[in-house]
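So you can see what is in the structure, the chains are spelled out below.
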Amino acid sequence: MNLTPFLLNFVRESEPDADVLAELHRIEDDKTIPVTQRMQLAKARVGQGLFRKRVILLDPACRVTGVTDKRVLVASHIKAWRDSSNAERISGYNGILLSPHVDALFDDHLITFDDNGRMLTHLSLPGDVLERWFIDPSKRVEKFRPEQAKFLEHHRSVFARKIA
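Calculation notes
- Residues numbered from 1 in each chain as written.
- Predicted model: local features only at pLDDT ≥ 70, side-chain atom pairs only at ≥ 80, totals over all residues.
- Heavy atoms only, no water.
- Helix = DSSP H or I, 4+ residues; strand = E, 2+ residues; numbered from the N terminus.
- Buried < 20%, exposed > 50% of the residue type's maximum accessible area, 1.4 Å probe, protein only.
- Contact = heavy atoms within 4.5 Å.
- Areas by Shrake-Rupley, 256 points an atom, 1.4 Å probe, with all protein chains shown as cover.
- Pairing = 2+ DSSP bridges.
- Salt bridge = Lys/Arg side-chain N within 4 Å of Asp/Glu carboxyl O.
- Polar contact = N/O pair within 3.5 Å; in protein donor to acceptor, adjacent residues only side chain to side chain.
- Phe/Tyr/Trp six-rings, centres within 6.5 Å; stacked < 30°, edge-to-face > 60°.
- pLDDT = per-residue confidence, 0-100.

All right, on to the overall build of the protein then. Along the backbone of the protein there are eight helices and four strands. Written out in order from the N terminus, the α and β elements of the protein read α-α-α-α-β-α-β-α-β-β-α-α. Residues counted as buried form 40% of the 164 residues belonging to the protein. When contacts within the protein are restricted to residue pairs at least 6 apart in sequence, long-range pairs at least 24 apart make up 64% of them. Roughly 9800 Å² of accessible area belongs to the protein as shown, and the carbon and sulfur atoms make up 55% of that amount.

In structure tokens, the structure reads:
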């Protein structure tokens, strides 16, 4: 089975939805933020720029799959964009580099990690998803940096409150 067309849907930059556009307008209109920082925030919001570069400097590969080709990896916020301050939004420590299918699980709080790299899976996640995507939930990923602890704590708290 050729997964390339399926994966390309995740890799291509999509058009921003209404929520993203509204956030971009708020950033643009916030004159308390210097112009260069507004540009960085806007780029980070649409998945490019400073945030992605900072995440890649900290994580050279997907923590779960080990894939190193940056073209197919997602720089994912640990603490969601909407819950983060402007400084947190562009902090590389608030990011994790993931393969698209792993990012989908992480972004929806179906998986999370403890500070030591142990993967936690949500009870609502059918076991066959991990099996079919060749994700070993018992595999311990590289230990996270101390600077990532507060972001992971937030991610775990959302994970714990998640209802199916």
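So, about the pairing of strand β2 (residues 95-98). Side chains G95 and L97 project from β2 onto one buried face, and the interleaved I96 and L98 project onto a second face that is buried too. Here strand β1 (residues 74-77) runs beside β2; their pairing, made up of four bridges, is antiparallel. Among the inter-strand pairings, S76 is bridged to a residue of β2, identified as I96.

It is worth spelling out helix α6 (residues 100-107) at this point. In an α-helix there are 3.6 residues to a turn, and that puts residues three or four apart on one side. Within α6, six of the eight residues are buried, which leaves it mostly tucked inside the rest of the structure. Within α6 the residues assigned to the buried category are P100, H101, V102, D103, L105 and F106. Positive phi shows up at H109, right after α6, with a value of about 60°.

Taken as a whole and assessed by the stated rule, the structure comprises seven salt bridges. Across the salt bridge formed by R63 and D59, the nearest N and O atoms sit 3.0 Å from each other. With respect to burial, R63 and D59 carry one shared label: buried. Of the charged contacts, one joins R132 and D128 as a salt bridge, the two residues approaching to 3.1 Å between their closest N and O atoms. Here R132 and its partner D128 are both found in helix α7 (residues 127-132), four residues apart, which amounts to about one turn of the helix. Judged by its relative accessible area of 35%, D128 is partly exposed.

Relative to the elements of secondary structure, T112 occurs in strand β3 (residues 111-113). At a separation of 2.7 Å, a polar atom in the side chain of T112 contacts the side chain of H155. In this structure, T112 is in contact with F106, R118, M119, L120, H155, R156 and F159, ignoring residues within four places of it in sequence.

Let us look at the packing of aromatic side chains. Using the criterion set out here, one finds two aromatic pairs in the structure. Here the aromatic rings of F106 and F113 are separated by 6.0 Å at their centres, their planes lie at 35°, and the arrangement is tilted. The pair formed by F106 and F113 is uniform in burial state, with each residue classed as buried. Taking the centre distance of 5.7 Å and the plane angle of 45° together, the rings of F113 and F144 count as tilted. You can see F113 sitting in strand β3 and its partner F144 sitting in the loop between α7 and α8 (149-161), a full 31 residues away along the chain. F144 matches F113 in its accessibility class, with the two residues each being buried. Site record: aromatic cluster; members linked through ring pairs are F106, F113 and F144.

Another aspect to go through is the confidence of the model for the protein. Across the protein, the average pLDDT comes to 84, with 84% of residues at 70 or higher. Averaged pLDDT values for the elements of the protein fall to 38 in helix α1 (residues 4-11) and rise to 97 in β3. Below pLDDT 50 for its whole length, residues 1-15 participates in five contacts with residues either more than four positions away or in separate chains.

What follows covers the environment of E88. Mapped onto the elements of the fold, E88 is located in helix α5 (residues 86-90). Considering only alpha carbons, one finds E88 and H77, eleven residues apart in sequence, at a separation of 9.2 Å. For E88, the residues in contact, after removing those within four places along its chain, are K79, D83, N94, K150 and F151.

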